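One letter stands for each residue in the lines below.
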Amino acid sequence: MSTVRFLKARDIAPWLEELSRDRTVLAPAQHGGTIVFCEFDPARGVELSQLSTTPAKRALLPPCETLFEYETTKTLEPPYKTHVELRPTLPQGKAVVFGARPCDARAMQIFDRVYNGEQVKDPYYTARRNNATIVTLACSEQDDTCFCDRVGGSPVDATGSDVLLTPLKAGYVAEALTPKGEELLQSTSFMKAEGLRQEALNARNRILEHVPERSSFLDMERNLLSLFGDLGFWDKTAEACLSCGACTYLCPTCYCFNITDETRGESGRRIRTWDNCMSSQFTLEGSGHNPRPTKAHRMRNRIGHKFSYYPQLHDKTLACVGCGRCVSNCPVSFDIRNAVACAIQQADAAREHAHD
Amino acid sequence: MSQHTLELRKLIAEALPGLDVVLAWTSGFSPMTSTPLFIATDEDLDRLDFGPMHVQNLAAYLPSLKGRKVGIVTRGCDSRTIIELLQENLINRDEITIFGISCTGAINIRKVREAVGGEKLRSVETGKDIVSVTTDEGTHTVPLHNVLMDKCYSCQSQTPLIHDHMVTERTGCHLTGEAPESSLDRLDAMEPAARFAFWEESMDRCIRCYACRNACPLCVCKDSCVAQSRDPHWLDQSDTPREKLMFQAIHALHTAGRCTECGECERACPMGIPVLAMKQALNRRIKHLFDYQAGMDEESTPPLFMFRQQEEHIKERDAR
């Protein structure tokens, strides 16, 4: 049976300091009025009261990472040849993500299917993934923008986590879910608490009782696909969109990237940075042609990818974990829940019309 | 619903048959949020709402709708953006119909959150001078004056400077007493080293989503922004505070003397970075050097759009 321990709230910081000695620790912290997932700094502390604005994804997919460094030299013999020397820069060292929410942890399994699948293994991603331990904090309640329950998750879901923390008075019951999680719970910061297993389960069940009964977005992939050609619908859906990247960069499941060579003189580095399908440049081709020329095309892609294309490729798992960050941080309050519900309704109406 | 909103709906309903679309606001996913409403039908019009929680500067959509007959609900500050866009020939006056409303001030939800110590907001009700905020911990009463958008404290006119229709219902002046300390005030008070450290820390959390740029009604380079351009290669794609601050400096310089300080850049920023302060600082210089404020007069030319052999307030010869 898995290990169960208790972590007092006041022991969190000392424990994270202990972990910081030989690992990178990422945790949510206050950063100028915003809660940001960043490297743990004892002076900043941790902020667990609310969902962080930025997700935990940077632990596996940093906003900017060096793929390799290069240096070019002109050779004397034979003339006019350029010699390029490449230096690989694989990520190294262990990492702990502390205070991820169930949605954040679930999102990491969505990356796994793409970056650590049977066909493709991204060496940078897999190195980070294998070295990372995810300590997830179950949510005590859902915010008004949360909808994890509608996309296959829940506020206490343990999918993708190595340790699950359940809040109880003055602290957290910590349950190891994997060998990596077991290893972390060996720390002396934890108290023995085998007897709290049932109490934690009861607490989680009480949280689940407050999850409202509402329609699910699962199994809608075919339905949504039927709306692909209805550009008028997407035009209307996207009309207020500013085409910025707040939704995709704050999304715990968006994993698209750009690759750029940044050269200074004879040397440089190839970097991989987050990219954003809401930007017109995302699909701009070298010829000048753009297959997604308007924001309607781009919105169709963002919603289609999360609720239709990805689930069709990956066992009906949605590429949305319902954290609601895209909703609460959108400058024009675009609500993806509303958009998906409207799309489903529109597709149903079109199908009924076809049967008439 | 307020008398204000009812009258506005009536005005729009009368003009709607002659227009392709009317830009207005409706509530977002909660009454604490607002979202732009594109009215094309009477059913759309039924969703229109207006109050202190309706914050977006709708004029930002006008350049992208050029060529269509567009109506727009406009407060005093928004009208300055429209004037600036007209001055720059980015929109045509005969294509737009302006529905003027007198503003009661726009609420900055971040300031509300700060005012209640970061407690989780449940609801926000606005009264004449106060805001009643219900959080997880209880109900707080906050003076409206403390939680307005920065632009409200330098408001030039509550009613639009130009309009075609005007809602006659007037609301009281929302500004009483001194403006609370702004980000620019705080930055002004810092030594250069502290100011640099402030920006370095703020830019560290910037996610480069460019919401600031895309929400800016005067960022009109569209898809040819230097932020992503490889040639010229003014910015590199590494996510260092230096590169991110460089973009903000370029944005501020490109809008100097054009920016009406509508504050959309800062409002749109999901990371709470006070990027409006840079534009305010540059506009202060423009005011000092050229005695000019953007978006006040449709007939004037922005100072950086023209060349005079001798500027009245720049004494080149004296300096020599």
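Computed from a predicted model, the values in this text were never measured in an experiment. (Residues numbered from 1 in each chain as written. Chains lettered and ligands numbered in written order. Predicted model: local features only at pLDDT ≥ 70, side-chain atom pairs only at ≥ 80, totals over all residues.)

## A few points about the overall build of chain B
Consideration 1: Counting its regular elements, chain B contains twelve helices and eight strands.
Consideration 2: Expected size for 320 residues packed as a compact globule is a radius of gyration near 20 Å; at 20 Å, chain B falls within 12% of this value.
Consideration 3: Principal axes of the C-alpha set define a box for chain B whose edges measure 60 × 50 × 40 Å.
Consideration 4: Looking at chain B residue by residue over its 320 residues, the buried ones come to 38%.
Consideration 5: Once local pairs closer than 6 in sequence are excluded, the contacts in chain B between residues at least 24 apart make up 68%. (Helix = DSSP H or I, 4+ residues; strand = E, 2+ residues; numbered from the N terminus. Rg over C-alpha atoms; globule rule 2.2 N^0.38 Å. Buried ≥ 20, exposed ≤ 12 C-beta atoms within 10 Å, placed from the backbone. Contact = placed C-beta atoms within 7 Å.)

## A closer look at the overall build of chain A
Consideration 1: A count of helical and extended segments in chain A gives eleven helices and twelve strands.
Consideration 2: Over its C-alpha atoms chain A spans a radius of gyration of 23 Å, differing by no more than 12% from the 21 Å that the globule rule assigns to 356 residues.
Consideration 3: By principal-axis analysis of the C-alpha atoms, chain A measures approximately 75 × 70 × 40 Å.
Consideration 4: Expressed as a percentage of the 356 residues in chain A, the buried residues total 44%.
Consideration 5: A separation threshold of at least 6 residues defines the contact pool for chain A, and within that pool the share at least 24 residues apart is 70%.

## Side note on the interface of chain A and chain B
A common way to state how big an interface is: give the accessible area lost once the parts meet.
Consideration 1: Chain A puts 33 residues into the contact, and the matching count from chain B is 31 residues.
Consideration 2: When residues of the side of chain A that touches chain B are traced back to their parent elements, those giving at least two are strand 3 (34-39), helix 8 (246-249), strand 11 (257-264) and strand 12 (267-274) of chain A.
Consideration 3: Classifying every residue of the side of chain A that touches chain B gives 13 nonpolar, 16 polar and four charged. (Nonpolar A, V, L, I, M, F, W, Y, C, P; charged D, E, K, R; others polar.)

## Describing the domain arrangement of chain A
All names here are of chain A.
Consideration 1: Structurally, chain A comprises domain 1 (4-63 + 92-209) and domain 2 (221-355).
Consideration 2: When each unit is reduced to the centre of its C-alpha atoms, the spacing between domain 1 and domain 2 is 27 Å.
Consideration 3: Taken together, the contact pairs 25 residues of domain 1 with 21 residues of domain 2.
Consideration 4: When the residues that make up the side of domain 1 that touches domain 2 are grouped by side-chain class, the tally is 14 nonpolar, five polar and six charged. (Domains from an automatic or database assignment.)

## A word on the nonpolar core
Proteins that are soluble and globular tend to have nonpolar side chains buried together.
Consideration 1: Formed by 145 residues in total, the largest nonpolar core has its most connected members in V97 of chain A together with I72 and A211 of chain B.
Consideration 2: The element best represented in this core is helix 2 (residues 102-115) of chain A, accounting for six residues.
Consideration 3: Dropping the residues within four chain positions of it, V97 of chain A is found in contact with L26, A56, A59, A132, I134 and V135 of chain A.
Consideration 4: Core analysis: the next-biggest nonpolar cluster, separate from the first, contains 14 residues, V116, L144, L148 and C152 of chain B among them. (Core = buried A, V, L, I, M, F, W, Y, C linked by C-beta atoms within 7 Å.)

## Considering helix 3 (residues 123-131) of chain A
Residues and elements named next belong to chain A.
Consideration 1: What helix 3 keeps buried is the set Y125, R128 and R129. Along the axis of helix 3, the buried positions cluster into a sector of 100 degrees, meaning they face one direction only. Every exposed residue of helix 3 that faces more than 90 degrees away from the buried side is listed here: P123 and N130.
Consideration 2: Residues of helix 3 that are buried sit in contact with helix 2 and strand 7 (132-137). (Arc of directions from axis to C-beta.)

## Description of helix 1 (residues 3-15) of chain B
All names here are of chain B.
Consideration 1: Here helix 1 contains 13 residues, and its C-alpha end-to-end distance of 19 Å stays within 8% of the 18 Å for a straight helix at 1.5 Å per residue.
Consideration 2: Within the sequence span of helix 1, burial applies to L8, R9, L11 and I12. Taken around the axis of helix 1, the buried residues stretch over an arc of 165 degrees, which confines them to a single face. Those residues of helix 1 that are exposed and aimed more than 90 degrees away from the buried face are Q3, K10 and E14. (Expected span 1.5 Å × (residues − 1).)

## Remarks on the domain arrangement of chain B
Consideration 1: Segmenting chain B into domains produces domain 1 (1-106 + 156-176), domain 2 (109-147) and domain 3 (181-320).
Consideration 2: Computed from C-alpha coordinates alone, the two centres of domain 2 of chain B and domain 3 of chain B are separated by 30 Å.

## A look at unusual backbone geometry
Consideration 1: The omega torsion of the bond from D231 of chain B to P232 of chain B falls at 5 degrees, within 30 degrees of zero and hence cis.
Consideration 2: Positionally, P232 of chain B belongs in the loop between helix 8 (211-215) and helix 9 (241-254).
Consideration 3: The phi angle at D219 of chain A is positive, at roughly 60 degrees, despite the residue not being glycine.
Consideration 4: Even without being a glycine, S333 of chain A presents a positive backbone phi close to 55 degrees.
Consideration 5: C-beta crowding within 10 Å serves as the criterion here: with 23 such atoms nearby, S333 of chain A is assigned to the buried category.

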